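Listed here are the chains, written in short residue letters.
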Amino acid sequence: MDSYKKLLLANQAWVQDKLNVHPDYFTRQASHQKPEFMWIGCSDSRVPAEDITGAEPGELFVHRNIANMVIHTDLNMLSVLQYAVEVLKVRHVIICGHYDCGGIKNAMTRKDFGLINKWLRHIKDVYRMHRRELDCIPDQQARLDRLVELNIAEQVTNLAQTSIVQKAWKAEQRPVIHGWIYDLRTGYIKETASLGPDSRLDDIYMFDLDDHNFG
Ligand code: CO
């Protein structure tokens, strides 16, 4: 059997499981979504958002990319964020990174990946901002782990710096932004950073929302 066919067979079994418990499961799913959480995660196949959090369909509004980055010119990420915050009105935005992230690991090298260089460049910037700390860690694995942690903190801050989040903080006192790290070696998630409506940002990134109507 072609390997992909097992996915389609598994889908049929999954439909039956759901219908056995709730005969109207899919009718209810199709009517609307009201997720409480937005999830920004890595594309890595070992970090499936719903599986590792026990979430059901309808609970997470998901965006994934290489190394769970929040890049201010990424219209894809920004569109997902704006829809989640302004239309779905999520209460929490979770950025979940993970140890042994290939994106982070490769950004620490001088390898040429072509187009991907432009994505990894943003991780190299995080390395440069924290070079003094990172270069003092002699063990390569420990240095990689630390860059994963520093990257999550930077992406939490990047989210808070968007006008989308700042407008929602001012008008509706939400969402809370959480930085999480999933440990592939144990399966556990830990929270390493968070920012909320009362957090202060570096002044240069704060928008004067009284005077301008930013998109
Ligand atoms: Co990754």
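Above this note sits the structure.
This write-up is about the structure you can find in this document. Bear in mind the structure is a predicted one, so any value in this text is a computation, not a measurement. (Residues numbered from 1 in each chain as written. Predicted model: local features only at pLDDT ≥ 70, side-chain atom pairs only at ≥ 80, totals over all residues. Heavy atoms only, no water.)

## Observations regarding the overall build of the protein
Logical step 1: Tallying secondary structure elements over the protein gives nine helices and five strands in all.
Logical step 2: Scanning the protein from its N terminus toward the C terminus, one meets helices and strands in the order α-α-β-α-β-α-β-α-α-α-α-α-β-β.
Logical step 3: Taking the principal axes of its C-alpha atoms as reference, the protein extends roughly 55 × 50 × 30 Å.
Logical step 4: Counting only residues that meet the buried cut, the protein has 40% of its 215 residues in that class.
Logical step 5: Sequence separation of at least 24 residues holds for 65% of the intrachain contacts in the protein that already meet a minimum separation of 6.
Logical step 6: Accessible area for the protein stands at about 12700 Å²; split by element, carbon and sulfur atoms hold 53% of it.
Logical step 7: A distance of 5 Å separates the average location of the 26 positive side-chain charges in the protein from that of its 29 negative side-chain charges. (Helix = DSSP H or I, 4+ residues; strand = E, 2+ residues; numbered from the N terminus. Buried < 20%, exposed > 50% of the residue type's maximum accessible area, 1.4 Å probe, protein only. Contact = heavy atoms within 4.5 Å. Areas by Shrake-Rupley, 256 points an atom, 1.4 Å probe, with all protein chains shown as cover. Lys, Arg positive; Asp, Glu negative; His and termini not counted. Charge placed at Lys NZ, Arg CZ, Asp CG, Glu CD.)

## Considerations on the nonpolar core
Logical step 1: Counting 45 residues, the largest nonpolar core has Met-38, Leu-81, Ile-104, Ile-123 and Leu-159 as the members making the most contacts within it.
Logical step 2: For this core, the element with the most residues is helix α8 (residues 140–160), which contributes eight residues.
Logical step 3: Every residue in contact with Ile-104, bar those within four places of it in the chain, is listed here: Ala-67, Ile-123, Leu-144, Leu-147, Val-148 and Asn-151.
Logical step 4: Residues Trp-39, Ile-94, Trp-180 and Tyr-182 belong to the second largest nonpolar core, which totals nine residues. (Core = buried A, V, L, I, M, F, W, Y, C linked by side-chain atoms within 4.5 Å.)

## Thoughts on empty space enclosed by the protein
Logical step 1: Scanning the entire structure with this criterion turns up one cavity of 30 Å³ or more.
Logical step 2: There is about 30 Å³ of room inside the largest cavity.
Logical step 3: Contributing to the lining of the largest cavity are Asn-68, Gly-97, His-98, Cys-101, Ile-104, Val-148 and Asn-151.
Logical step 4: For the lining of the largest cavity, the secondary structure elements donating two or more residues are β3 (92–98) and α8.
Logical step 5: Classifying every residue of the lining of the largest cavity by side-chain character gives three nonpolar, four polar and no charged. (1 Å grid on protein atoms, 1.4 Å probe; cavity = no way out; pocket = protein on both sides within 12 Å on 5 of 7 lines; lining within 4 Å. Points joined across faces, edges and corners; volume = space filled by probe spheres on them. Nonpolar A, V, L, I, M, F, W, Y, C, P; charged D, E, K, R; others polar.)

## As for the pairing of strand β5 (residues 189–195)
Logical step 1: In terms of strand pairing, strand β4 (residues 176–182) meets β5 through six bridges, oriented antiparallel. Each bridged residue has a counterpart across the sheet, and for Tyr-182 the counterpart in β5 is Ile-189.
Logical step 2: Hairpin remark: β4 followed by β5, antiparallel, with six residues in the connecting loop; positive phi at Gly-187, about 90 degrees. (Pairing = 2+ DSSP bridges.)

## Describing the coordination of the cobalt ion
Logical step 1: Only Cys-42 (SG), His-98 (NE2) and Cys-101 (SG) from the protein reach the cobalt ion as donors, at distances of 2.0 to 2.3 Å.
Logical step 2: Here His-98 falls in the buried class, since its relative accessible area comes to 1%. (Donors = N, O, S within 2.8 Å, 3.2 Å for Na, K, Ca; no water.)

## Observations regarding the pairing of β3
Logical step 1: With six of its seven residues buried, β3 lies for the most part within the structure.
Logical step 2: In this structure, strand β1 (residues 37–42) lies alongside β3, joined through five bridges in parallel fashion. If you follow Gly-41 over to β3, its bridge partner there is Cys-96.
Logical step 3: With seven bridges connecting them, β3 and β4 associate as parallel partners. Across the sheet, the residue bridging to Ile-94 is His-178, located in β4.

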